[in-house]
Each structure stands twice: as C-alpha cells, then as structure tokens.
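Residue strings, one per chain:
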Protein chains: 2
Amino acid sequence: MKISARVDYGLQAILEIAAAERDMQRVKADEISEKHGIPMKFLESILSDLKRAGLIEGHRGNAGGYNLRKPSEEIVIADVVRAIDGPLASVRGLAPEKATYKGQIAGLTKVWIATRVALREVLEEMSLADILNDEIPTSIAKKLSNKEAWRRRA
Amino acid sequence: MKISARVDYGLQAILEIAAAERDMQRVKADEISEKHGIPMKFLESILSDLKRAGLIEGHRGNAGGYNLRKPSEEIVIADVVRAIDGPLASVRGLAPEKATYKGQIAGLTKVWIATRVALREVLEEMSLADILNDEIPTSIAKKLSNKEAWRRRA
DNA sequence: CCTATTCCTACTAATTTAGTAGGAAATGAG
DNA sequence: CTCATTTCCTACTAAATTAGTAGGAATAGG
C-alpha cells in the first residue's frame, strides 16, 4: 500500500487546521505550506479536495483561512483518505468483493475483503482529535505496543 | 490501497501453481494465461519476479512449467506482494517509521505504523495452502464474518 | 534434430502522480 | 471605496509508474 504524497500532505494540513480550531483560529494555506514544506499550489489543490468532501471550509480575504466543518472528533482518517484518493482498497480498479476468481483459487477474494476490513479497523477508528490528543483507541494501541511494529521487515 | 494488476495476477498464478503442486504437477504459463485471461507476456514478467524472490522455479522444455520452491504452507500472501510490489506499506516512498512530522501533528506517524501492522496481520497470516483449503485463520475469519465486511462504504 | 517451453532484453502506450502558472473572485481593514 | 490578502478556478507540464508488446536466445525431452 502506497500512501501518496497527496494523502500525506492532506492529513498534515487537516490536522494543522484541527489544531488551530481549538483556539478558534483559522489557518492559512501559506502557513501550512511553510511549516511542513508542502508546495503551495499543490497544497491548494489538495485543500480543494477536502473542501469538496465537506470536511473543511475556506474563507477568503484578509482574515481568511481554513477551518473544519465538523468537530475534529467526528472526522476520521478514512474520511480524509477517501476524499483525496478514493476507496480505501481496490483490486485492479475493482472493489474487493467484485474481484472474483475461477476454480480452486476463488478464496483469493477473501484476502482482499479481509485486507479492506483491516484497513477500516485502523483508519475508521482514529479521529483527528485522537491524534492531536495522543489518545489512541486501545485496539490500535495494542498494535503499536509490539516492538516489531516499528521495524521494517525483509 | 490499490492492489495492482501485477500483484493480483501474480497471486492467481502462484495459487494455480500451488494447486497443481498437490498432484506433483507443473503448470505452464500458457495454461495460467488462458484460464485466467492474463496476457501471456505480461504474466511471464510477473513469474520472473516470483522466481527472483525464490518463491517458484521454472523448467524449460517439453515437460516444462513452474512449481513452488517451498511448501505452500510456508508461502504467505505478504511474500508474494513484496516480491512483486515491494514493501507492504510506504508513505511518500518512505517506510512508515521514517515519516515524521513537526509539532502537534507528530502523532500521524502512529497511524502509518498501525496501518502497516494491520496489513501484516492479514497478509502475513494467510498462506497459499490456507486459501486453497479454505482454512482461514480465526483472527481473519472474524473479520470476514461481519456482513459489513462485504459491503462498500461511502 | 525438432518442438515446447522458459528466459532475457528492449521497447511502447496509457495512466497517474506531482507539481506549476496565472489570474479571477471575495473579504475585511483602513 | 480602494487595496492588500487570501481563497478559488482553469489549464498546463514533466516525471514516474503501470500495463503491456515484441522478438528471439537458451534449454530440455522425445
């Protein structure tokens, strides 16, 4: 699974917006761009994805900037990923349940379904607020507690 | 997460090889290509990835074809994915633990680590034999048992 | 020696990803 | 009411990746 630059940047951006939200502040694209080294114009196009998905709203002018459209508790990582990259899991462009196979290997479909469930179990369970507060749901904290989790594999 | 055609085809191929293995049979690339509608030359290049990774071996000539180099119980889905597509999870080309962030959003790294763990929990636990026998590990069967698992989400 | 099959090298076309460029529209401050 | 600021919109481009093609050399068995 390759997390694209767009998704990575988009999450950085919306988390920054969520963080500012707490002080009733708006954030300018320019500030995010500077702080995290994201090319300005590229960032703008990502923010427009988030806007179209109804996750944030923008305000122009002198005191302009972006803010969330829902509380940060109600926006999960999966929302952001889908807004930018589309479905969490796809197989040759098909939804996992549409990837079917002939004969003895028919069971392969289950692998893709299980993969999608696994992704949902992480990405649907973590909200922006969870990340800012470092309050990781226990099911996920369990995954992180194993030292192997932080190591690369062959 | 987009599963590429290469990975999907590669798994179909190696499962077909594993299935034939049970009757001490070799499989020809041509047979796989026909049966699953995979372009022949494209399939060949995928099989060469699997060979390079030491998962299968090829034999030329009249009674040629491919067979596994290890028992099908010892080859997991993750092996095949890595052989063809590289690391299970990466963020802008970096390993998840290398994706770090400034300030309040530093916790984002944990999302990527948890995502990688989640993928491993599925892809490292299922062997080729498991799929052919429809013997799904209980931790994974649990994921599949929920009806929601088979449904698309917004 | 002939046929079947893998193996190897090189090429190509389409799509996606990552980014740039330029300016129009709105907003608030002075 | 004008001006600086900021989002918003449309279009373009360059690089990388993905999906596939083409042609033939190497090898093994009958």
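Refer to the structure presented above.
Read on for an overview of the structure.

Thresholds, definitions, all that
Residues numbered from 1 in each chain as written. Chains lettered and ligands numbered in written order. Predicted model: local features only at pLDDT ≥ 70, side-chain atom pairs only at ≥ 80, totals over all residues. Heavy atoms only, no water. Near = heavy atom within 4 Å. Polar contact = N/O pair within 3.5 Å; in protein donor to acceptor, adjacent residues only side chain to side chain. Helix = DSSP H or I, 4+ residues; strand = E, 2+ residues; numbered from the N terminus. Nonpolar A, V, L, I, M, F, W, Y, C, P; charged D, E, K, R; others polar. Core = buried A, V, L, I, M, F, W, Y, C linked by side-chain atoms within 4.5 Å. Buried < 20%, exposed > 50% of the residue type's maximum accessible area, 1.4 Å probe, protein only. Contact = heavy atoms within 4.5 Å. Least-squares fit on C-alpha atoms with pLDDT ≥ 70 in both. Salt bridge = Lys/Arg side-chain N within 4 Å of Asp/Glu carboxyl O. Pairing = 2+ DSSP bridges.

This brings us to the protein's contact with DNA strand C. Neighbouring DNA strand C are 23 residues; Lys41 and Arg60 of chain A together with Lys28, Ala29 and Glu44 of chain B lie closest to it. Counting only atoms of DNA strand C within 4 Å of the protein, the sugar-phosphate share comes to 66%. Contact distances for DNA strand C include 3.4 Å between a phosphate oxygen and a side-chain N or O atom of Lys2 of chain B. Between DNA strand C and the protein, one listed contact pairs a phosphate oxygen with a backbone N or O atom of Ala29 of chain B at 2.8 Å. Elements with a minimum of two residues in the surface near DNA strand C: α1 (5-21) and α3 (40-52) of chain A together with α3 (40-52), β2 (56-59) and β3 (65-68) of chain B. Classifying every residue of the surface near DNA strand C gives six nonpolar, eight polar and nine charged.

Turning our eyes to something else, we now look at the nonpolar core. The biggest cluster of nonpolar side chains holds 112 residues, and the ones touching the most others in it are Ile14 and Trp112 of chain A together with Ile14 and Trp112 of chain B. Not counting chain neighbours up to four residues away, the residues in contact with Ile14 of chain A comprise Leu50, Leu55, Ile56, Leu68, Ile75, Val80 and Leu128 of chain A.

With that settled, consider the relation of the copies chain A and chain B. Take chain A, turn it by 180°, move it 0.0 Å along the axis, and it overlays chain B with an RMSD of 0.0 Å. The relationship between the two copies is best expressed as a two-fold rotation axis. Nearest to the rotation axis, the C-alpha of Met1 of chain A is located 2.4 Å from it, this being the minimum over chain A. In this assembly the copies share their binding face: 100% of the residues contributing to the interface of chain A also contribute to that of chain B.

A few words now on unusual backbone geometry. All names here are of chain A. The phi dihedral of Arg92 is positive, around 50°, even though this residue is not glycine. On the secondary structure map, Arg92 appears in the loop between β4 (90-91) and α5 (108-123). By relative accessible area, Arg92 is classed as partly exposed at 36%.

With 63 residues of chain A in contact, the opposing surface of chain B contributes 63 residues. At the surface where chain A touches chain B, the tally comes to eight salt bridges. As a salt-bridge pair, Lys143 of chain B and Glu121 of chain A come within 2.9 Å of each other at their nearest N and O atoms. Put simply, chain A and chain B have 26 residue pairs in polar contact (both at pLDDT 80 or more) between them. Counting only elements with at least two residues in the side of chain A that touches chain B, the list comes to β1 (2-3), α1, α2 (29-36), α4 (77-85), β4, α5, α6 (128-133) and α7 (138-145) of chain A. The biggest single contributor to the side of chain A that touches chain B is α5 of chain A, with 16 residues. Split by residue class, the side of chain A that touches chain B holds 35 nonpolar, eight polar and 20 charged. Judged from the two bridges that link them, β1 of chain A and strand β4 (residues 90-91) of chain B form a sheet pairing that is parallel. Within β4 of chain B, the position partnered with Lys2 of chain A by the bridge is Ser90 of chain B.

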